[in-house]
Amino acid sequence: MKSDETNLVYLRMACEIARANADRGGGPSGAVIVDGDAVMATGADSVALDGDPTAHAVVNAIRRACQLKRSSRLEACTVYCSCEPCPMCLGALHLAGVDRICYANAQADSLNPASGGGFICSEIARDELEQRLRRLKGGAKNEECFK
């Protein structure tokens with residue numbers, strides 16, 4: 001496990017990426033992926049710049065790291081984020097098998113309330129699908145869909 005001092009270095013790096021990205025018109029989120037003792041990839045929020053709602057800092061960093069590693073798995077890696085990952089990013093981190101996640105700011109303290117993380121969490125927490133703003137509709141069985 002990395003020391004608190006080492007964690008702080010990478011968290012500050014993620015926050016600096018976020019600050020610099022916001023200065024050039026991107027979202028105020030940054031991420032750093034570390035493999036062992038080396039930075040493997042970084043990412044910044046480019047949702048507005050790319051017109052891509054999935055282009056969060058964490059997802060962009062995962063994409064770069066996986067391309068460099070030529071694998072969809074990042075088991076031995078630690079991801080440092082300027083803010084708590086939203087549900088989409090958390091899902092991507094899980095799918096990539098990331099070992100550890102460290103973040104600087106809680107979702108509630110995020111500099112980017114438009115990221116939707118809080119809204120998505122509240123939607124997921126609803127008991128009934130019918131209560132959700134974005135309704136999900138099921139009904140066809142798997143075998144009916146794949147005839």
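Just so we're clear, the structure is a prediction, and the values are computed from it rather than from any experiment. (Residues numbered from 1 in each chain as written. Predicted model: local features only at pLDDT ≥ 70, side-chain atom pairs only at ≥ 80, totals over all residues. Heavy atoms only, no water.)

**Let's talk about the confidence of the model for the protein**
Quick note on the threshold: Each residue carries a pLDDT score, the predictor's own confidence in it, on a scale running from 0 to 100. Strands here mean DSSP runs of E at least two residues long; helices mean DSSP runs of H or I at least four residues long; both are numbered from the N terminus.
Summary statistics for the protein give a mean pLDDT of 83 and a share of 71% for residues scoring 70 or more. Mean pLDDT across the secondary structure elements of the protein bottoms out at helix 5 (residues 117-125), with 56, and peaks at helix 3 (residues 57-69), with 98.

**A closer look at the nonpolar core**
For the record, the criterion: Put simply, buried Ala, Val, Leu, Ile, Met, Phe, Trp, Tyr and Cys residues joined by side-chain atoms within 4.5 Å make one nonpolar core. Think of it in three bands: residues with accessible area under 20% of the maximum for their type are buried, residues over 50% are exposed, and the middle band is partly exposed, with areas taken using a 1.4 Å probe on protein chains only. When checking whether two residues touch, look at their non-hydrogen atoms; a contact exists if any pair is within 4.5 Å.
If you look at the biggest cluster of nonpolar residues, it comprises 20 residues, and the most contacted ones within it are I33, M40, V58, I62 and L74. At seven residues, the largest contribution of residues to this core is made by helix 3. If sequence neighbours within four positions are ignored, I33 has contacts with A38, V39, M40, A41, A61, I62, A65, L74, C77, T78 and V79. One finds A14, I17, V34 and A44 within the second-largest nonpolar core, a separate group that totals nine residues.

**Focus: the pairing of strand 1 (residues 30-35)**
Formally: In this description, strands pair whenever DSSP reports at least two bridges between them.
For strand 1, the tally of buried residues reaches five of six residues, placing the bulk of the element in the interior. The pairing of strand 1 with strand 2 (residues 38-44) spans six bridges and is classified as antiparallel. From the neighbouring strand, I33 faces strand 2, where its bridge partner is A41. The loop that links strand 1 with its antiparallel partner strand 2 comprises two residues; one of these, G36, has a positive phi angle of about 70°. Relative to strand 3 (residues 77-83), strand 1 runs antiparallel, the two sharing five bridges.

**Comments concerning the pattern of salt bridges**
This is how it is decided: By definition here, a salt bridge exists when the distance from a side-chain nitrogen of Lys or Arg to a carboxyl oxygen of Asp or Glu is within 4 Å.
Under the defined criterion, the tally for this structure stands at three salt bridges. Residue E16 is joined to R19 by a salt bridge in which the shortest nitrogen-to-oxygen separation is 2.6 Å. Linking E16 with R19, this pair stays in helix 1 (residues 4-23), spanning three residues, or about one helical turn. The shortest N-O distance in the salt bridge between R73 and E75 comes to 2.9 Å. Its relative accessible area of 32% is what places R73 among the partly exposed residues.

**Describing helix 1**
Worth spelling out the cut-off: What a helix is expected to span follows from its residue count: subtract one and scale by 1.5 Å. The directions from the helix axis to the C-beta atoms form the arc being described.
With 20 residues, helix 1 ought to run about 28 Å at 1.5 Å a step, and its terminal C-alpha atoms sit 28 Å apart, in line with that. All of the buried residues along helix 1 are N7, Y10, L11, A14, I17, A18 and N21. For helix 1, the angular spread of the buried residues around the axis is 110°, confining them to a single face. Away from the buried face of helix 1 by more than 90 degrees, exposed residues E5, R12 and D23 are located. For helix 1, the elements touching its buried residues are strand 1, strand 2, strand 3 and strand 4 (100-105). Positive phi appears at G25, one or two residues downstream of helix 1, with a value of about 100°.

**Let's talk about the packing of aromatic side chains**
In plain terms, the rule: Put simply, two rings from Phe, Tyr or Trp (the six-membered ring, in Trp's case) pair if the centres are within 6.5 Å, and we call them stacked under 30 degrees between planes, edge-to-face over 60, tilted for the rest.
Going through the model one piece at a time under the given rule, you end up with one aromatic pair. Where Y10 meets Y80, the ring centres are 5.1 Å apart and the plane angle is 35°; that geometry is what we call tilted. Residue Y10 is located in helix 1, and its partner Y80 is located in strand 3; the two are separated by 70 residues in the primary sequence. In this structure Y80 comes out as buried when scored by relative accessible area, which is 0%.

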